[in-house]
Structure formats: structure tokens, C-alpha cells
Amino acid sequence: MASKPKIAIIGTFPIWLSEQDIPAPSGHYAVWLMAMHEMLKSVDTYELHWICMCKGVRRTRESRHGNQIFHILPTGSLELAFRTNFIWDRWRIGRVLKRIAPDVIHVFGTERCWADAALPYPCKKILSMQGILTAYHRLCPMGYYMRSRAEKEPRLLPHFDLVTSESEWGCARSREISPASKVVRWEYAAEERFFHVQRQLSPEPTCLMAGSDSELKDVPTAIRAFSSKSLSHVTLLLAGVPPEHYPDLPPNIRPLGRVSRERMTELLASSWALVHPTLADTSPNIIKEARAVGLPVVTTTECGGAQYVEEGKSGFIITPKDVEALQQAVLKMTADAETSLRMGAWQHEECRRLLGRDTMKSRLLEIYDAVLHGKEAELS
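Residues numbered from 1 in each chain as written. Predicted model: local features only at pLDDT ≥ 70, side-chain atom pairs only at ≥ 80, totals over all residues. Heavy atoms only, no water.

### Some points on the sheet that holds strand β13 (residues 297-300)
Two orientations exist for strands paired in a sheet by backbone hydrogen bonds: parallel and antiparallel. Taken in spatial order, the six strands of this open sheet run β11-β10-β9-β12-β13-β14, and their pairing is parallel. At either margin of the open sheet sits one strand with a lone partner, and together these are β11 (253-257) and β14 (315-318). Taken pair by pair, the neighbouring strands of this sheet meet at an average axis angle of 20 degrees, ignoring direction. With three bridges connecting them, strand β12 (residues 273-276) and β13 associate as parallel partners. Counted as the bridge partner of Leu274 is Val297 from β13. Across the sheet, helix α11 (residues 323-333) is in contact with β9 (206-210), β12, β13 and β14; its angle to β14 comes to roughly 175 degrees. (Pairing = 2+ DSSP bridges. Helix = DSSP H or I, 4+ residues; strand = E, 2+ residues; numbered from the N terminus. Axes fitted to C-alpha atoms, helices over the stretch in contact; angles between N-to-C directions. Contact = heavy atoms within 4.5 Å.)

### Overview of the pattern of salt bridges
Opposite charge on two side chains permits them to pair, given that their charged atoms come into close proximity. Evaluated as defined, the whole model comprises 25 salt bridges. Across the salt bridge formed by Glu176 and Arg138, the nearest N and O atoms sit 4.0 Å from each other. Placement of the pair is Glu176 in helix α7 (residues 168-177) and Arg138 in helix α5 (residues 133-139), with a sequence separation of 38 residues. The class for Glu176 is partly exposed, based on a relative accessible area of 48%. Using a relative accessible area of 52% as the deciding quantity, one classes Arg138 as exposed. What emerges from the salt-bridge pattern is a single network uniting Glu191, Arg193, Arg261, Glu262 and Glu289. (Salt bridge = Lys/Arg side-chain N within 4 Å of Asp/Glu carboxyl O. Buried < 20%, exposed > 50% of the residue type's maximum accessible area, 1.4 Å probe, protein only.)

### Focus on helix α12 (residues 337-345)
Taken residue by residue, α12 has Thr339, Ser340, Met343 and Gly344 as its buried positions. Each buried residue of α12 sits inside an arc of 125 degrees when the element is viewed along its axis, so together they form one side. Of the exposed residues in α12, the ones pointing more than 90 degrees away from its buried face are Glu338 and Arg342. As for α12, its buried residues are in contact with α10 (285-293), β14, α11 and α13 (348-354). Gln347, located one to two residues past α12, shows a positive phi value of around 55 degrees. (Arc of directions from axis to C-beta.)

Set out below in C-alpha cells:
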């Protein structure tokens, strides 16, 4: 009996959700990797190996979850890893790859050293971009670490047989980095919980902005827009933004700090619209979640998530930093409850289909099959 093809997946998997003795780190995590893990539970075509680094373990260990094997590797501080060019992380990953002997290595993101660690191993390779750091830095200059990682992208991408991105925006930016690379779209599913939310609008108009306080998200533009007299009757909730970062805000702007996934579900259910005035974003989860729930969205031309917004129908697409355009979009989406519900319902079911696990799964299996058989050039 022929052995199954082996696929090694390297990414920042939230292993603490499966391993109770591993503490959860602070900050956000890649929710799409958990969605991928869940959808692969029914796939027995491949031998699946996840490789993830974790500060909560002292030595390499393995853990099997159904048909998937997790190789959990210790790691240190990001600062030390960066200063040493990730030498120990790359060495540990290399040892596991040598032992697994995969037919395909599937790497998630260029933010850490996963792509660097995969390069020496002689097999087929897929790179799924999480953020397009080169474009991010061009549109909003970043700090030294992310800038240095962005500088590596033009050298990394050409070594992969296939590059994927969640949006047409991301695909276009990836082709700018490496014109000779084969780049295709593969969208990550929204978390399943957001497909079962019933909208129950708050009594007064409320908009949600969620994510982080990164310069890329452009929280100051949202604050300037909602500080105007024309929007004083609309509340802006800033999930993921610590209150101490923006003191002395008008009473209608409320930083919430970090919120749980359960709390995020409640916020999306009660909000009248989602505000996402990003300077650059490949395909933000919050827009997927909002469209899965059925919220109208205002975002920018530099956001891959705009692919789920039809201008004037399910939201608005504005130029980054355009405060007046943001104000006008919010006024239209929150004119009354009926408008919010009607706009949110526009192409709602189609968005849910595109953002569901079945779509993510079928496309991933198509990609794996093509790469394994040397037919990645035939992917559209």
C-alpha cells in the first residue's frame, strides 16, 4: 500500500487552545490556522504535520490530534531570536523537517523565520502570505524589526513553488515583490462562531472598530471622524485599543482594550456598522467576521477586505486618511436601524459562502493536489 504524501505546515498555531498545560501568550493569534486545523480533521488523503514554536515548552514534543501530528518546539524571546537571525528556531525546525521528510512544506507568513527555515529542505514549497510587509512598510513606515523582515520578502518569495494570498489586493502586492512567482488567491475562513450570530442592534447608533493599535489600522483617523459634531450621536467602540493610549476622548468614543472572542461576538451582534480605515491590510479577519454576521462595512482602497464590500450597497470604500469620506459613510450606514440591517444583508449569503470552511477546504485541497503533481502553473 502506497504511503500518503506528507505535508508539513509551519505557522504560529494557537497550540494553547489544544494543549491545556501551555499558557496563552498576550496579543492576537492566527485564528485562521485553527479553522484550517478543524477543516482538515475530515481529510485522510495526506499525513499532516504541524510545526509550531512555543515559549511554554522546554523541549520538543509531539502531540497527536486525530489525523494531525503537532511538533511543538521551544523558543525564546523574539528580541533574542531576531538578534541571532533566528538561528536556534531555524535549527529546531530543520531537525523536525529532516525527520519528517515531507513532500510539501506549507509556510504561513514572512513575519517570523518560518520561510527562511523551509528554504534548505529539498521539496515542494508553498508560502501563504499573512501580511504583505513590503507593501505595509511602503504605505506606513514600520519599526526596525518589521522593516527588516519586509526587506527579506523579495529574496524569499522566488524560492517557493506557489505563493497564496487571501485577497486580490494581496496577490497584486505579492506579484510586485516577485513578478516571476506563481501567485494565487486562497481565502482563510471566518471563525465558525460568527456564522451563528443574530444581529440585535443597540438602541442608539454604534460602530465598531476592532484589531490593534498599530499605525496601520489608523485609529487617529477614526477618532478625528467621530470627534466631529456630525457624529456626536454615534458611539465608536475601539476593541483592542487600550484606554490609556488615547486619553481625553469625546464621550462617544470608547476604547475597550483587549476583548475576548465571546465579547467580540456580542459587539458584532449589536453594532450598526464596522469601521476599518486601514492604511494597508491584506484581508483583515474583522471584516470577514463582520460580513459573516451581516454588518455593513466601511474600509479603504488599500484593504483586501474591500472585496466583500459593494460600494453603496453593503458599505463604502474610501481613500485612506479621508476623514470627511469616513464621516459621510458612517452617517449613511447609521441613518436608521433599517438601513443598517438592509446594507448588512446585501450579498450576505454569498459572503458567508466565500468565507466558509467548505470553500477554504476545497481550495486548499486543490492547491495541495496541484503542487504535489507539479501542476501549480494550472491553478487560476
